[in-house]
Amino acid sequence: MTKLSYSGLKYGESNVEVNVLVDVQNDWFEITHTKEVSQVMNKSTGEYITVKRRTLKFDVVS
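Residues numbered from 1 in each chain as written. Predicted model: local features only at pLDDT ≥ 70, side-chain atom pairs only at ≥ 80, totals over all residues. Heavy atoms only, no water.

Draft legend 1. Representation of the side chain of Asp-23 in the model. Looking at the secondary structure, you find Asp-23 in strand S2 (residues 17-23). Buried and without a salt bridge, Asp-23 has Lys-3 as its closest oppositely charged side chain, separated by 5.3 Å. A distance of 3.0 Å separates a polar atom in the side chain of Asp-23 from a polar atom in the side chain of Asn-26. Setting aside its immediate chain neighbours within four residues, Asp-23 contacts Met-1, Thr-2 and Lys-3. (Helix = DSSP H or I, 4+ residues; strand = E, 2+ residues; numbered from the N terminus. Buried < 20%, exposed > 50% of the residue type's maximum accessible area, 1.4 Å probe, protein only. Lys, Arg positive; Asp, Glu negative; His and termini not counted. Salt bridge = Lys/Arg side-chain N within 4 Å of Asp/Glu carboxyl O. Polar contact = N/O pair within 3.5 Å; in protein donor to acceptor, adjacent residues only side chain to side chain. Contact = heavy atoms within 4.5 Å.)

Draft legend 2. View of the pairing of strand S3 (residues 29-33). In the sheet, S3 pairs with strand S4 (residues 37-42) via 5 bridges, with the strands oriented antiparallel. Bridge assignment links Ile-31 to a residue of S4, and that residue is Val-40. Adjacent in sequence and paired antiparallel, S3 and S4 are bridged by 3 residues. (Pairing = 2+ DSSP bridges.)

Draft legend 3. The sheet that holds strand S1 (residues 3-9), seen in detail. Pairing is antiparallel across the open sheet formed by 3 strands, whose spatial order is S2-S1-S6. Each end of this open sheet is capped by a strand with a single partner; those strands are S2 and strand S6 (57-60). In this sheet, adjacent strand axes meet at a mean angle of 25° when their direction is disregarded. Bridge count for S1 against S2 is 7 bridges, and the pairing is antiparallel. Its bridge partner being in S2, Leu-4 is matched across the sheet by Val-22. (Axes fitted to C-alpha atoms, helices over the stretch in contact; angles between N-to-C directions.)

Draft legend 4. Structural context of the pattern of salt bridges. For the coordinates displayed, the defined rule picks out 1 salt bridge. Between Lys-43 and Glu-30 there is a salt bridge, with the nearest N and O atoms lying 3.2 Å from each other. With Lys-43 in the loop between S4 and strand S5 (47-52) and Glu-30 in strand S3, the pair connects residues that are 13 residues apart, well separated along the chain. Judged by relative accessible area, which is 34%, Lys-43 ranks as partly exposed.

The following block contains the structure:
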């Protein structure tokens, strides 16, 4: 089971980091970008984050 952790600085806030966990084998997720923000949605759980465009990063958790 491979899980990814997406994180970044919350859009509209200063120095607030948010994250969302995605299981790439079982979750349906979507990543979108606009000029100012990036959004990662885990559509299986209903969780999402909206971050400043250039702060989005991900790490392999397992």
